[in-house]
Amino acid sequence: MNALVIYNAHLVDETVSSFGAVVCVDGKILAVLQGNYKNRKTAEDSAHAILSENGFVDGDTVDFFDAESLTLTPAFIDMHVHFRDPGLTEKEDLESGLRAAIAGGYGTVVAMPNTKPVVSSAEDALSLVSRAKKIDLCHFYQSVSITRDFLGTDISHLKALDSSAVPLITEDGHDVDSANTMFEAMKTASSKGMIVSCHCEDSSFAKAAAPHRKAALDLMKKYAIPVYGHNVDTGDVPENVHEEIRAELLKANESLYIAENIATMRNIELARMADCHIHICHISTKEAIDAVSYAKEISFDNETSSGNHNGFRVTAEATPHHIALSDEGANIRALVNPPLRSECDRLALIEAIRNGTIDCIATDHAPHTFEDKKNGAPGFTGLECAYSVCNTVLVKSGEISEQDLSRLMSAAPARILHLNKGVFRVGYDADFALLDPNEKRVIHTKDFYSKGKATPFDGKTVFGVVKEVFIDGKKKAL
């Protein structure tokens, strides 16, 4: 048996905020000790007593790690990443994505299927999982497309899926156009205990937005205004050009606003009828938040009145960029789907985090090459700056506690995915991140392990640094 004891730590999960130590054996938590365990001798005496009671003998390996009074928290869990593997590995590959995850404090990630080819079978998903295990960084799950090859009609491949290996299905990048196809997919997912993760976007309104985005993008290219999501000096560009770019993007965003609201309401109603658990991706509008809040009330009423849950459930995620940024100033040029919204929507998002309407934070880590970003590819790199951004915007500002942030980034996604992770509990997986929440840092994307360098947070000063990550009770080195 192999044991790890992390002592002199400030333990933080969704319910705990205390100095102490954790004792782990063979990748599982054996004991959580709260109190004064700053001294190694104290930690050794307590740990050896616990270990001997559990069958440890002389010769078994016990490693002691001094956390130096830093914050030890369950490793983060991201339900929404794009690793671009297979087929688009110039943007990201499995190894670079997993390294980025570890660098960001993540112990588990769920990858989206919009690769080339699309991941549309259990075999393809499990092949990626097998490759990730060999890389041996963090835990990896691969989602599968709702419709075969994203063609919008065939869902026959869903019958072969097993929820223990493929916890969710999604068409992320766009929505399923046909309501009937989505309904049938939801019924199949419900029968298998799988989550349907929804990119809520009505395609007709998305198409209406496209010409306006293109007009703005053409102007940005003409005047050499970077579209990487960075704030840069554009003082030589005439003011009327800035105004025209903003006007076009506002028109596009108006259509995309309606697109999100309509699709969110549709998918919630379909899930209610299909008795299905849906997860709303990257929620960003006040109206979509209100729809989720009402759906949660209906689900709760059904559960409490009948004595057991009938299967209908709605959970929702928010991204660090929608939490931290609105469409004011240069940010409107940072293209992402859904777009950065108004300050009113951003504040509604934070209130929804506080009141529990939003269950978790997910990065929607979407790496692109600079050339693709120049051509308008939507999305940001997110894994390596998510904790720092959220800690700064939510915790340091006093909006939520550090325990709340742990729930949003660890415990809640673990519960949604039915994983024994995310909290300091005996028998749970020994996946931890060691953090300094008070250390100031400047985000420099050139230092990212991810191949994707485009984020509007490049150059921003934030608080919170990931110092170490432990997966299955073993310290990971990059």
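Look above for the structure.
### Notes on the overall build of the protein chain
Consideration 1: Each helix and strand counted, the protein chain has 12 helices and 17 strands in total.
Consideration 2: The principal-axis extents of the C-alpha atoms in the protein chain amount to approximately 70 × 55 × 40 Å.
Consideration 3: Residues classed as buried in the protein chain amount to 58% of the 478 residues present.
Consideration 4: Residue pairs in contact within the protein chain that sit at least 24 positions apart in sequence constitute 76% of those at least 6 positions apart.
Consideration 5: Only carbon and sulfur atoms are counted for the fraction: they give 49% of the accessible area of the protein chain, which is about 18500 Å².
Consideration 6: If you average the places of the 48 positive and of the 68 negative side-chain charges in the protein chain, the two averages end up 3 Å apart.

### A few points about the pattern of salt bridges
Consideration 1: Under the definition given, this model contains 27 salt bridges.
Consideration 2: Within this structure, K28, K421, D429 and D431 form a network of salt bridges that share partners.

### Side note on the sheet that holds strand β10 (residues 168-170)
Sheet strands pair by backbone hydrogen bonding; their relative direction is either parallel or antiparallel.
Consideration 1: As summarised here, the arrangement of the six strands in space is β9-β10-β11-β12-β13-β14, forming an open sheet in which the pairing is parallel. Looking at which strands have only one partner, the edges of the open sheet turn out to be β9 (144-145) and β14 (360-361).
Consideration 2: As defined by bridge partners, strand β11 (residues 195-198) adjoins strand β12 (residues 277-280) across three bridges and the pair is classed as parallel. When the sheet's bridge partners are listed, C198 is paired in β12 with I280.

### Overview of the packing of aromatic side chains
Consideration 1: Applying the stated criterion across every chain yields a total of five aromatic pairs.
Consideration 2: Each ring, one from F76 and one from Y106, has its centre 5.5 Å from the other, and the planes form 65 degrees; the classification is edge-to-face. Of the two residues, F76 is situated in strand β6 (residues 76-81) and Y106 in strand β7 (residues 106-111); the sequence distance between them amounts to 30 residues.
Consideration 3: Judged by its relative accessible area of 2%, F76 is buried.
Consideration 4: The buried category is assigned to Y106, whose relative accessible area is 1%.
Consideration 5: A connected cluster of aromatic rings, assembled from ring pairs, spans F76, Y106 and Y387.
Consideration 6: Positioned above the aromatic ring of F19, the side-chain terminus of K38 is 4.7 Å from the ring centre.
Consideration 7: For the cation-ring pair, R425 lies above Y428, with the distance from its terminal atom to the ring centre recorded as 5.0 Å.

### Quick look at the pairing of strand β2 (residues 17-25)
Consideration 1: Across the nine residues of β2, seven count as buried, placing the element largely inside the fold.
Consideration 2: Across eight bridges, the pairing between strand β1 (residues 2-12) and β2 is antiparallel. Residue pairing for β2: A3 is matched across the bridge by V25.
Consideration 3: Here β1 folds back onto β2 in antiparallel fashion, the turn holding four residues.
Consideration 4: Strand direction decides the pairing type here: β2 and strand β3 (residues 28-34), joined by six bridges, are antiparallel. Opposite V25, over in β3, you have K28 as the bridge partner.
Consideration 5: A loop of two residues connects β2 with β3, the two strands running antiparallel in sequence, and D26 in this loop sits at a positive phi of about 50 degrees.

### Thoughts on helix α5 (residues 203-222)
For an α-helix, the turn length of 3.6 residues means that residues three or four places apart are oriented alike.
Consideration 1: In this model, α5 (20 residues) spans 28 Å end to end at C-alpha, consistent with the 28 Å of a helix rising 1.5 Å per residue.
Consideration 2: Along α5, the largest kink reaches about 25 degrees and is centred on A209; proline P211 follows within four residues of it.
Consideration 3: Where α5 is buried, its residues meet α6 (239-274) and α10 (370-374).
Consideration 4: At the C-terminal side of α5, A224 shows a positive phi close to 55 degrees.

### Regarding the side chain of T315
Consideration 1: Following the sequence through the fold, T315 ends up in strand β13 (residues 313-318).
Consideration 2: For T315, the side chain forms a polar contact with the side chain of H279, separated by 2.8 Å.
Consideration 3: With residues up to four places along the chain from it excluded, the contact list for T315 reads H277, I278, H279, I280, K296, D359 and I416.

### Side note on the layout of surface pockets
Consideration 1: In this structure, the largest pocket spans a volume of roughly 420 Å³.
Consideration 2: Those elements giving two or more residues to the lining of the largest pocket turn out to be α3 (122-135) and β8 (139-142).
Consideration 3: With four residues, α3 is the largest single contributor of residues to the lining of the largest pocket.
Consideration 4: For the lining of the largest pocket, the per-class residue count stands at 10 nonpolar, four polar and eight charged.

The rules behind each value
Residues numbered from 1 in each chain as written. Predicted model: local features only at pLDDT ≥ 70, side-chain atom pairs only at ≥ 80, totals over all residues. Heavy atoms only, no water. Helix = DSSP H or I, 4+ residues; strand = E, 2+ residues; numbered from the N terminus. Buried < 20%, exposed > 50% of the residue type's maximum accessible area, 1.4 Å probe, protein only. Contact = heavy atoms within 4.5 Å. Areas by Shrake-Rupley, 256 points an atom, 1.4 Å probe, with all protein chains shown as cover. Lys, Arg positive; Asp, Glu negative; His and termini not counted. Charge placed at Lys NZ, Arg CZ, Asp CG, Glu CD. Salt bridge = Lys/Arg side-chain N within 4 Å of Asp/Glu carboxyl O. Pairing = 2+ DSSP bridges. Phe/Tyr/Trp six-rings, centres within 6.5 Å; stacked < 30°, edge-to-face > 60°. Lys NZ or Arg CZ within 6 Å of the ring centre and 35° of its normal. Expected span 1.5 Å × (residues − 1). Bend = angle between axes of the 7 residues up to and from the residue. Polar contact = N/O pair within 3.5 Å; in protein donor to acceptor, adjacent residues only side chain to side chain. 1 Å grid on protein atoms, 1.4 Å probe; cavity = no way out; pocket = protein on both sides within 12 Å on 5 of 7 lines; lining within 4 Å. Points joined across faces, edges and corners; volume = space filled by probe spheres on them. Nonpolar A, V, L, I, M, F, W, Y, C, P; charged D, E, K, R; others polar.

All quantities given are derived from atomic positions and should not be read as evidence of function.
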